[in-house]
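# Chain and residue survey
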Amino acid sequence: MSKDAVESAQPAPAQAAQPPADAGDAGYSKDLKARHVNMIAIGGAIGTGLFLGAGGRLHNAGPALAVAYLVCGIFAFFVVRALGELVLYRPSSGSFVSYAREFLGEKGAYVAGWMYFLNWSTTGIADITAIALYTHYWSFFTSIPQWVLALIALAVVLTVNLISVKIFGEMEFWFSIIKVATLVGFMLIGIFLLATQHQVDGHTPGVSLISDHGGLLPNGAMPVVLVMQGVIFAYAALELVGVAAGETEEPEKVVPRAVNSIMWRVGLFYVGSVVLLTLLLPSSVYSADQSPFVTVLSKIGIPAAGDVMNLVVLTAAMSSLNSGLYSTGRILRSMAMSGSAPKFTRVMSRSQVPYGGILLTCGICILGVGLNYLVPSQAFEIVLNVASLGIISTWVIIMICHVIFVRRARAGLVTRPHFQLKFSPVTEIVTIAFLLVCLGLMWNDHEVGRKTLLLIPVIAIMLVAGWFGVRRRVNAGPDQQPAEPAK
């Protein structure tokens, strides 16, 4: 990045007003390096939504799923680009909650924070469900109940997350290395099978597997439309770049690189992988209870190929769970410092980890263990749809904040960095409209989606009741003193 770009990322010293400091940013270490943030961005783009969710979606939507991933990926990039611009304006571990506080007021920050908490707490349930399903792939674990495996996974990741942000960064770095290397390896194998016409489970790879099995839309267009909210869930961790920026030394250099690389990752890993999967086996062969990558590799006769891939996708789910605990801990602390979250979530450990918020998220995930006990076959899809409510609302709030930020910049109140989301406010408006349409499309899913939408009034009532419970504490003013480390 040029010197001018770096300088423009800072608030203007003269005519522009200084942005308010977020009390929740105090006390953090700056131990995340550029390689950590870059790999956190990659890890956010490659998660459970691709490794496990793509199987059921391919079965229902067919090869056109690749188009759905591409379209949703473009809008996801717009959101992260807008967030990246806000990060360069003012890095904050509170991320979009901190920006919502500045541009929308405390009510906006309250809604943004708790909806993000809803997203990641339910995503955590999806992750531990995925881990349990992956583990059941091996016959040795088949006899162990799904809820027991989910509880063990949660305990392991919680322990790792509480140590320090540096350990978290290292874990995500290596988790992401494993995911990227494995996907690249799978794609090389897939290209080899395609080029040599090596049969896969009795099928000859090629375009004929699409044309001879119903074409791009074997089940019609509606299943493709219905999977959109699930596809958005697949990209739900991309905003982690904004949260991680608060714990890195040079966000003005690290964040633009991480954000700009997201588009080619989407094209290569999501769209490329789905296209390959449809060229190797008919889409009807894939299923929701097994990773599509495991399905392919277990059918090509390579010894232990399915076992190795299953281990990798299990690692991806662990990585997603780890990231969810990390981000909600920081978001809840930012809220707690202003009074809109429980006081205990502001507490930090001696290793500068906001363990109060992490434990609260973990507590919700424990409820997910109960869900795995009651409805093990439906647990993943149920929480995926609820998580979609959280991530769609979060992304909408990010875009609204960006519109107000640009408006203030044009009025001379703040200075935009050179790293910008183009064509504002048209880009934000189109993105918000797309996200709301995806939300409305859930009504056509009678089994889970419609029931999920019926939760919106319930969530709204809970948010209103919660606001009346905390408004006096919030209106009293944020506590500007950083929380004392735990003794």
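How each quantity is defined
- Residues numbered from 1 in each chain as written.
- Predicted model: local features only at pLDDT ≥ 70, side-chain atom pairs only at ≥ 80, totals over all residues.
- Heavy atoms only, no water.
- Helix = DSSP H or I, 4+ residues; strand = E, 2+ residues; numbered from the N terminus.
- Buried < 20%, exposed > 50% of the residue type's maximum accessible area, 1.4 Å probe, protein only.
- Contact = heavy atoms within 4.5 Å.
- Areas by Shrake-Rupley, 256 points an atom, 1.4 Å probe, with all protein chains shown as cover.
- Phe/Tyr/Trp six-rings, centres within 6.5 Å; stacked < 30°, edge-to-face > 60°.
- Lys, Arg positive; Asp, Glu negative; His and termini not counted.
- Salt bridge = Lys/Arg side-chain N within 4 Å of Asp/Glu carboxyl O.
- Axes fitted to C-alpha atoms, helices over the stretch in contact; angles between N-to-C directions.
- Parallel < 35°, antiparallel > 145°, perpendicular 65-115°, else oblique.
- Left-handed = near helix turned anticlockwise from the far one by under 90°.
- Expected span 1.5 Å × (residues − 1).
- Bend = angle between axes of the 7 residues up to and from the residue.
- Nonpolar A, V, L, I, M, F, W, Y, C, P; charged D, E, K, R; others polar.
- Core = buried A, V, L, I, M, F, W, Y, C linked by side-chain atoms within 4.5 Å.
- Patch = residues over 30% accessible without salt bridge, like charges linked within 9 Å, V, L, I, M, F, W, Y side chains within 5 Å.
- pLDDT = per-residue confidence, 0-100.

## Concerning the overall build of the protein chain
What the protein chain contains, in helices and strands, is 22 helices and zero strands. The 487 residues of the protein chain split such that 60% are buried. For the protein chain, long-range pairs separated by at least 24 residues make up 81% of all intrachain contacts whose partners lie at least 6 apart in sequence. With the model as given, the accessible surface of the protein chain reaches about 18,700 Å², and the carbon-plus-sulfur share is 67%.

## Description of the packing of aromatic side chains
Throughout the structure, instances matching the rule amount to 17 aromatic pairs. Taking the centre distance of 4.6 Å and the plane angle of 75° together, the rings of Phe-96 and Tyr-116 count as edge-to-face. In this pair, Phe-96 sits in helix H6 (residues 95-104) while Tyr-116 sits in helix H7 (residues 106-135), placing the two residues 20 residues apart along the sequence. The exposure class of Phe-96 is buried, given its relative accessible area of 1%. A ring pair is formed by Tyr-235 and Tyr-270, whose centres lie 4.7 Å apart and whose planes are at 45°; its orientation type is tilted.

## So, the side chain of Arg-81
As for its placement among the helices and strands, Arg-81 is situated in helix H5 (residues 65-89). Of the side chains bearing the opposite charge, Glu-85 lies closest to the buried Arg-81, which forms no salt bridge; the N-O distance is 6.4 Å.

## Considering the pattern of salt bridges
Oppositely charged side chains can form a pair if their charged atoms are brought close together. Tallied over the entire structure, the rule returns four salt bridges. The partner of Glu-85 in a salt bridge is Arg-416, with the nearest N and O atoms 2.5 Å apart. Taken together, the residues Glu-85 in helix H5 and Arg-416 in the loop between helix H19 (379-410) and helix H20 (426-441) connect sequence positions 331 residues apart. A relative accessible area of 0% places Glu-85 in the buried class. Here Glu-102 makes a salt bridge to Arg-90, at a shortest N to O gap of 2.8 Å. Of the two residues, Glu-102 is situated in helix H6 and Arg-90 in the loop between H5 and H6; the sequence distance between them amounts to 12 residues. Take Glu-102 and Arg-90: they sit in the same class, and that class is buried.

## Things to note about the packing of H5 against helix H15 (residues 262-280)
Between H5 and H15, the shortest axis-to-axis distance is 9 Å and the interhelical angle comes to 165°. What the angle tells us is that H5 and H15 run roughly antiparallel. In the packing of H5 onto H15, the handedness of the crossing is right-handed. Residue-level contacts link Leu-65, Ala-66, Tyr-69, Leu-70, Gly-73, Ile-74, Phe-77 and Val-80 of H5 to Ile-262, Met-263, Val-266, Tyr-270, Val-271, Val-274 and Val-275 of H15.

## Considering H15
Here H15 is 19 residues long and its end C-alpha atoms lie 26 Å apart, about the 27 Å a rise of 1.5 Å per residue gives. The axis of H15 is deflected most strongly, by about 30°, at Gly-272. Across the 19 residues that make up H15, a large majority, 14, are buried.

## Observations concerning the side chain of Ser-95
Relative to the helices and strands, Ser-95 is located in helix H6. Beyond its immediate stretch of four places on either side in the chain, Ser-95 contacts Leu-83, Gly-242, Val-243 and Ile-331.

## Re the packing of H7 against helix H22 (residues 455-475)
Across the interface, H7 lies against H22 with an axial gap of 11 Å and an inter-helix angle of 130°. Taken as axis vectors, H7 and H22 run oblique relative to one another. Crossing handedness for the pair H7 and H22: right-handed. Where H7 abuts H22, its residues Glu-106, Lys-107, Tyr-110, Val-111, Trp-114, Met-115 and Leu-118 lie against Ile-459, Met-462, Leu-463, Gly-466, Trp-467, Val-470 and Val-474. For the contact of H7 with H22, a count of residues per class yields 11 nonpolar, one polar and two charged.

## Side note on the nonpolar core
Phe-51, Tyr-69, Ile-232, Tyr-235 and Trp-395 are the most contacted members of the largest nonpolar core, which totals 148 residues. Top contributing element to this core by residue count: H5, with 16 residues. Residues in contact with Phe-51, not counting those within four places in the same chain, are Ile-46, Tyr-134, Lys-179, Leu-183, Ser-291, Pro-292, Phe-293, Met-309, Val-313 and Ala-316. Within the second largest apolar cluster, six residues are counted, among which are Ile-125, Phe-233, Leu-384 and Ala-387.

## Things to note about a nonpolar patch on the surface
Taken together, the side chains of Trp-147, Leu-151, Ile-366, Tyr-373 and Leu-374 define a hydrophobic patch exposed on the protein surface, amounting to about 530 Å² of accessible area. Elements supplying a minimum of two residues to the nonpolar patch: helix H8 (146-161) and helix H18 (355-374). Along the chain, Trp-147 turns up in helix H8. With relative accessibility at 32%, the residue Trp-147 sits in the partly exposed group.

## Notes on unusual backbone geometry
In this structure, the amide linkage connecting Ser-424 to the following residue, Pro-425, adopts the cis form with an omega of 5°. Positionally, Pro-425 belongs in the loop between H19 and H20. Unlike most non-glycine residues, Gln-197 shows phi in positive territory, near 60°. In this structure, Gln-197 sits in the loop between helix H9 (165-196) and helix H10 (208-211). Residue classification places Gln-197 among the partly exposed positions, given a relative accessible area of 40%. Of note, Asp-201 is a non-glycine position whose phi angle comes to about 55°, a positive value. The topology assignment puts Asp-201 in the loop between H9 and H10.

## Here we look at the confidence of the model for the protein chain
Atomic detail in the predicted coordinates should be set aside for any region of low pLDDT. Confidence along the protein chain averages 82 in pLDDT terms, with 89% of residues attaining 70 or more. Per-element confidence in the protein chain ranges from a low mean pLDDT of 41 for helix H1 (residues 3-8) to a high of 93 for H20. Note that pLDDT drops below 50 for residues 1-20; the model gives that stretch 33 contacts with residues more than four away or on any other chain. A low-confidence stretch, residues 480-487 (pLDDT under 50), is modelled with 20 contacts involving residues beyond four sequence positions or located in other chains.

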